[in-house]
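Spelled out from the first residue to the last, the chains are:
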Amino acid sequence: HSSGMATALLAGLCVALLVSGAHAVLEQSAPIWHPSNRTAFFAYFRSPSFQVPNTVSAHGYYIVHITARQTPHVPSGNGNNQGKLACSYKLYLNGNIVTAGPGHNLAQTDPQYPDTGTQAVTTIDVDQLLARGADNIIAIAAYFNYTGFKDEVPRVQAELCESTDGVRCSAAPIAATGTTWQAWAADYYHNPEGDNNLTPWYYMPNENLNQEHYPINWTQLGTPTATGQPWVAAAVQPKFSGYLYPDTSPPWAILSRQACSIKAVGSQTYLIDYGQEFSGGVNLTFPTDASTAGLQVTVTLGEALDSHGALVAPTQARQYYHSVWLLSGPAGSNTAIMQHEMIQFRYALVANAPVAPTPDTARAWVLQHAIGGTGENPFEIPCARSVPTLPSGPQQPLATWASSSAALDRVFNFTAY
């Protein structure tokens, strides 16, 4: 195995998974999206169940290649080309979050191809996450922002295959996107409302999550919990155009983080400090019982506190990360509620919480490149140490950078975060 493969990656797109190798890239899979709502911000997808052999074949092990169509670049008011990082995906295999992203999408340095038509391809080793001789399932949560881009086509495309070199497919894909996949219009759950930002760095609506509508177990085998919104056959979309090139940057790793401190700052209101600024999101758990049904919890994220210890919002980049979450009762789940989009923040202000958060219920997910044998950032303070969320295996993080200078090592490991 290629031991440098990380378990996960993330940033902001509508999504596409693909494979290459014995067959041309995307040759045996089709781009898909939800059929009835081309303007949906969020959509979920589930593959048919599939099996892999009990033993490793002569081909070796299993990989997925992944790419995504980014929201187009458009000129900003001052004439600079601003990247609208408004799409993102999360990939799941048998309920485990494998990756999110993309890390890089556009070949900005290649003048032969326009940036809006260029797609980066990343390879993910998923061998350790597959159930041998049993059913497996792939699931994808996708996000595409239509603000100002009504003519754009969101697409998800995926194939999973065997590989001998960790780069190319050495056999036909075992799972590939097409009309056999199911699609779910996930705006019903995410309830995106308006733009979070006060200046157009990138378009991203606030996620007003409704846990009563969340399709529990949708990333796993079996039938997701009924929500009132049907799962339907995915619709094939136009093929990707432009140049598909290999993205050689390391995949992103998604790590779990506990809070450093939790402070009550008002009635049922708590300020959570994760110890340092990072890219990722909160991962909060609340009780699931009749007392929480219909309870509205507000979550505001920020980078700094003022001189009185209050959260500063909006952020320095003039973005306002404020969402309202509607909790569920016994029929739903309030466990590990996770916003979809990656956000840059350190503090979370949680208001109208039914109970006081704890280090275990006030977690966060952290997006970073792998930089050490444990995936931990050497500059993190103990309360903010990150723990890998997936089993060890061929996706072990890369070894820590080593040079002739300890000072250079510290700088590299810090910036790699």
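Residues numbered from 1 in each chain as written. Predicted model: local features only at pLDDT ≥ 70, side-chain atom pairs only at ≥ 80, totals over all residues. Heavy atoms only, no water.

S.K.: I'm lost on the overall build of the chain in this one. Help?
M.R.: Within the chain, the secondary structure is distributed over 2 helices and 29 strands. Of all 417 residues assigned to the chain, the portion counted as buried reaches 53%. For the chain, contacts bridging at least 24 residues in sequence account for 81% of all contacts bridging at least 6. Of the accessible surface of the chain, which amounts to about 16,700 Å², a share of 54% is contributed by carbon and sulfur atoms. (Helix = DSSP H or I, 4+ residues; strand = E, 2+ residues; numbered from the N terminus. Buried < 20%, exposed > 50% of the residue type's maximum accessible area, 1.4 Å probe, protein only. Contact = heavy atoms within 4.5 Å. Areas by Shrake-Rupley, 256 points an atom, 1.4 Å probe, with all protein chains shown as cover.)

S.K.: Would you take a moment to explain the pairing of strand β8 (residues 89-93) for this structure?
M.R.: It is a general feature of regular strands that their side chains alternate between the two faces of the sheet. By the criterion of burial, β8 is predominantly enclosed, with 5 of the 5 residues buried. Relative to strand β9 (residues 96-101), β8 runs antiparallel, the two sharing 5 bridges. Across the sheet, Tyr89 pairs through a bridge with Gly101, a residue of β9. Where β8 folds back on β9, the antiparallel hairpin that results is connected by 2 residues, among which Asn94 adopts a positive phi of roughly 55°. Pairing of β8 with strand β12 (residues 138-143) involves 5 bridges; the strand directions are antiparallel. Its bridge partner being in β12, Leu93 is matched across the sheet by Ile138. (Pairing = 2+ DSSP bridges.)

S.K.: How should the sheet that holds strand β18 (residues 232-233) be read in this particular structure?
M.R.: Strands pair in a sheet through their backbones, by hydrogen bonds, and they do so in one of two ways: parallel or antiparallel. With antiparallel pairing, the 6 strands of this open sheet are ordered in space as β9-β8-β12-β3-β15-β18. Of all the strands in the sheet, the pair left with one neighbour each is β9 and β18. Examined bridge by bridge, strand β3 (residues 42-46) and strand β15 (residues 182-185) share 4 bridges and lie antiparallel to one another. Bridge assignment links Phe45 to a residue of β15, and that residue is Ala183.

S.K.: Is there a simple way to think about the side chain of Arg155 in this case?
M.R.: With respect to the secondary-structure elements, Arg155 resides in the loop between β12 and β13 (159-163). The class for Arg155 is buried, based on a relative accessible area of 8%. Here Pro238 takes part through its backbone oxygen, which lies 3.3 Å from a polar atom of the side chain of Arg155. In terms of polar contacts, Arg155 uses its side chain to reach the backbone carbonyl oxygen of Lys239, at 3.1 Å. (Polar contact = N/O pair within 3.5 Å; in protein donor to acceptor, adjacent residues only side chain to side chain.)

S.K.: Can you help me understand the pattern of salt bridges in this one?
M.R.: Close approach of charged atoms lets side chains of opposite charge pair. In total, this model carries 3 salt bridges according to the counting rule given. Taking the shortest distance from any N to any O, the salt bridge between Arg132 and Asp127 comes out at 2.8 Å. For Asp273, the salt bridge is made with Arg346, and the minimal N-O distance between the two is 2.8 Å. Placement of Asp273 in strand β23 (residues 269-284) and of Arg346 in strand β27 (residues 343-351) is noted, with a sequence separation of 73 residues between them. (Salt bridge = Lys/Arg side-chain N within 4 Å of Asp/Glu carboxyl O.)

S.K.: In this structure, what is going on with the pairing of β13? I would like to understand it.
M.R.: Of all the 5 residues making up β13, 5 are buried; the element is thus mostly covered by neighbouring parts of the structure. The alternating pattern of β13 places Glu159, Cys161 and Ser163 and Leu160 and Glu162 on opposite faces, both of which are buried. Where strand β5 (residues 61-67) lies against β13, 4 bridges are found, and the strand directions are antiparallel. Considered in β13, the bridge of Tyr62 is made with Glu162. The pairing of β13 with strand β14 (residues 175-176) spans 2 bridges and is classified as antiparallel. Among the inter-strand pairings, Glu159 is bridged to a residue of β14, identified as Ala176.

S.K.: For this particular structure, what's the right way to read the environment of Tyr92?
M.R.: Looking at the element boundaries, Tyr92 is found in strand β8. Linking Tyr92 and Ile137, residues 45 residues apart in sequence, is a C-alpha distance of 8.3 Å. Not counting residues up to four positions away in its chain, the partners in contact with Tyr92 are Ile97, Val98, Ile137, Ile138, Ala139, Ala141, Trp218 and Thr219.

S.K.: Just to check I follow, could you spell out the packing of aromatic side chains for this structure?
M.R.: Here a ring pair, both rings aromatic, is described through the centre-centre distance and the interplanar angle of the planes. A complete count under the given rule lists 12 aromatic pairs for this structure. Relative to Trp218, the ring of Tyr44 lies with its centre 4.1 Å away and its plane at 10°, an arrangement referred to as stacked. Here Tyr44, found in strand β3, pairs with Trp218, found in the loop between β17 (205-207) and β18; they are 174 residues apart in sequence, far enough to count as distant. For the pair shown, Tyr44 and Trp218 are each scored as buried. (Phe/Tyr/Trp six-rings, centres within 6.5 Å; stacked < 30°, edge-to-face > 60°.)

S.K.: For this particular structure, what's the right way to read the nonpolar core?
M.R.: For soluble globular proteins, nonpolar side chains are generally found buried alongside one another. Among the nonpolar cores identified, the biggest contains 45 residues, and Tyr274, Val282, Leu284 and Phe286 are the most heavily contacted of them. In terms of residue count, the dominant contributor to this core is β23 (6 residues). Listed in part, the 28 residues of the second largest apolar core include Phe45, Val98, Ile124 and Ile138. (Core = buried A, V, L, I, M, F, W, Y, C linked by side-chain atoms within 4.5 Å.)

S.K.: How do you make sense of unusual backbone geometry when you look at a structure like this?
M.R.: A cis amide bond links Ala313 to the next residue, Pro314, at an omega of 5°. Phi angles above zero are rare outside glycine, and Asn191 is one such case at about 45°. Relative to the helices and strands, Asn191 resides in the loop between α1 (187-190) and β16 (192-195). Even without a glycine there, the phi angle at Gln268 is positive, about 55°. With respect to the secondary-structure elements, Gln268 resides in the loop between β22 (261-266) and β23.

S.K.: Help me understand the environment of Val265, please; the structure alone is not making it clear to me.
M.R.: When you line up the elements, Val265 lands in strand β22. For the pair Val265 and Val350, spaced 85 residues apart in the sequence, the C-alpha separation amounts to 9.7 Å. Dropping the residues within four chain positions of it, Val265 is found in contact with Tyr270, Leu271 and Leu349.

S.K.: What is the right way to read the confidence of the model for the chain from this model?
M.R.: Atomic detail in the predicted coordinates should be set aside for any region of low pLDDT. In the predicted model, the chain carries a mean pLDDT of 74, and 64% of its residues have values of at least 70. Across the chain, strand β11 (residues 135-136) holds the top mean pLDDT of 97, while strand β7 (residues 81-82) sits lowest at 40. In the model, residues 372-382 has pLDDT below 50 throughout and makes 30 contacts with residues more than four positions away in sequence or in other chains. For the stretch residues 412-417, pLDDT sits under 50, and the model shows 17 contacts to residues farther than four places along the chain or on other chains. (pLDDT = per-residue confidence, 0-100.)

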